[in-house]
Amino acid sequence: AVSIRGFTPGRLGSRTEIDGGLYRVGALRTIGVPADTRVDARIEVKLTARLSAIVAGRNLADPWHTEFTSGSVLATQIPRSADLQLVWRLTT
């Protein structure tokens, strides 16, 4: 398995930060799990000194990918997903 953290978090102006990741996993041929490349992305916008809005997406390259956990005979289908968070920080 190879994991490459995307790029150093970048800034789009003084209030917006972007981050991403690219992950490559080889095939597990003996149990029928194909190789996979996963792309994740995250954008954070600081609304105030303490409040941020964050949009994150996982598995953006494909509608789903197959994962296998050791000790399990069955593979699991992991769908593309996204979420929106509002984060309130107690200190600045």
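Residue positions within a chain follow its written sequence, with the count starting from 1. The predicted origin of the model limits local features to residues at a pLDDT of at least 70 and limits the giving and counting of side-chain atom pairs to 80 or more, whereas totals for whole chains, interfaces and linings rest on all residues. Processing note: side-chain calculations cover all non-hydrogen atoms of the structure and skip hydrogens and water entirely.

**Regarding the overall build of the protein**
Moving on, step 1. Under the scheme used here, helices are H or I runs from DSSP no shorter than 4 residues and strands are E runs no shorter than 2 residues, and both carry numbers assigned from the N terminus. The secondary structure content of the protein amounts to 0 helices and 7 strands.
Moving on, step 2. Reading the secondary structure of the protein in the N-to-C direction produces β-β-β-β-β-β-β.
Moving on, step 3. Sequence-distant contacts, at least 24 apart, represent 34% of the contacts inside the protein between residues at least 6 apart. Whether two residues touch is decided by their heavy atoms; if any such pair falls within 4.5 Å, the residues are in contact.

**Focus on the pattern of salt bridges**
Moving on, step 1. Any Lys or Arg side-chain nitrogen located within 4 Å of an Asp or Glu carboxyl oxygen qualifies as a salt bridge. By the definition in use, this model includes 4 salt bridges.
Moving on, step 2. Its salt-bridge partner being Arg-38, residue Asp-40 comes within 2.6 Å of it at the nearest N-O pair.
Moving on, step 3. For every residue, the accessible area (1.4 Å probe, protein chains only) is compared with the maximum for its type, and the residue is labelled buried under 20%, exposed over 50%, or partly exposed between those bounds. Since its relative accessible area comes to 12%, Asp-40 is described here as buried.
Moving on, step 4. Across the salt bridge formed by Arg-42 and Glu-44, the nearest N and O atoms sit 2.5 Å from each other.
Moving on, step 5. On the basis of relative accessible area, Arg-42 is assigned to the partly exposed category, the value being 24%.

**Details of the pairing of strand E7 (residues 81-88)**
Moving on, step 1. Within E7, only 0 of the 8 residues are buried, leaving the element largely exposed.
Moving on, step 2. Strands pair, by our definition, only if DSSP identifies at least two bridges between them. As judged from the 8 bridges shared by strand E4 (residues 51-58) and E7, these two strands associate in the antiparallel manner. Paired with Val-55 across the strands is Leu-84, a residue of E7.

**So, the side chain of Glu-44**
Moving on, step 1. Mapped onto the elements, Glu-44 comes out in strand E3 (residues 36-46).
Moving on, step 2. We classify Glu-44 as buried; its relative accessible area is 4%.
Moving on, step 3. Counted as a polar contact is a pair of N or O atoms within 3.5 Å, where, for protein atoms, one must be capable of donating a hydrogen and the other of accepting one, and residues adjacent in sequence contribute only when both atoms are in side chains. Among the polar contacts made by the side chain of Glu-44, one reaches the side chain of Arg-89 at a distance of 2.9 Å.
Moving on, step 4. Not counting residues up to four positions away in its chain, the partners in contact with Glu-44 are Arg-15, Thr-16, Glu-17, Ser-52, Ala-53, Ile-54 and Arg-89.

**A look at unusual backbone geometry**
Moving on, step 1. One non-glycine residue, Asn-59, lies in the positive phi region at around 60°.
Moving on, step 2. Residue position: Asn-59 is located in the loop between E4 and strand E5 (64-67).

**Regarding the environment of Gly-57**
Moving on, step 1. Tracing the backbone through its elements, the reader meets Gly-57 in strand E4.
Moving on, step 2. Along the chain, Gly-57 and Ala-41 lie 16 residues apart, while their C-alpha atoms are 5.3 Å from each other.
Moving on, step 3. Setting aside residues up to four positions removed in sequence, Gly-57 forms contacts with Val-39, Asp-40, Ala-41, Ser-81 and Ala-82.

**Comments concerning the confidence of the model for the protein**
Moving on, step 1. Known as pLDDT, the predictor's confidence for each residue is given on a scale from 0 to 100. This prediction gives the protein a mean pLDDT of 82; 84% of its residues lie at or above 70.
Moving on, step 2. Overall, residues 1-7 carries pLDDT values under 50, and its contacts beyond four positions in sequence, including any with other chains, amount to 19 contacts.

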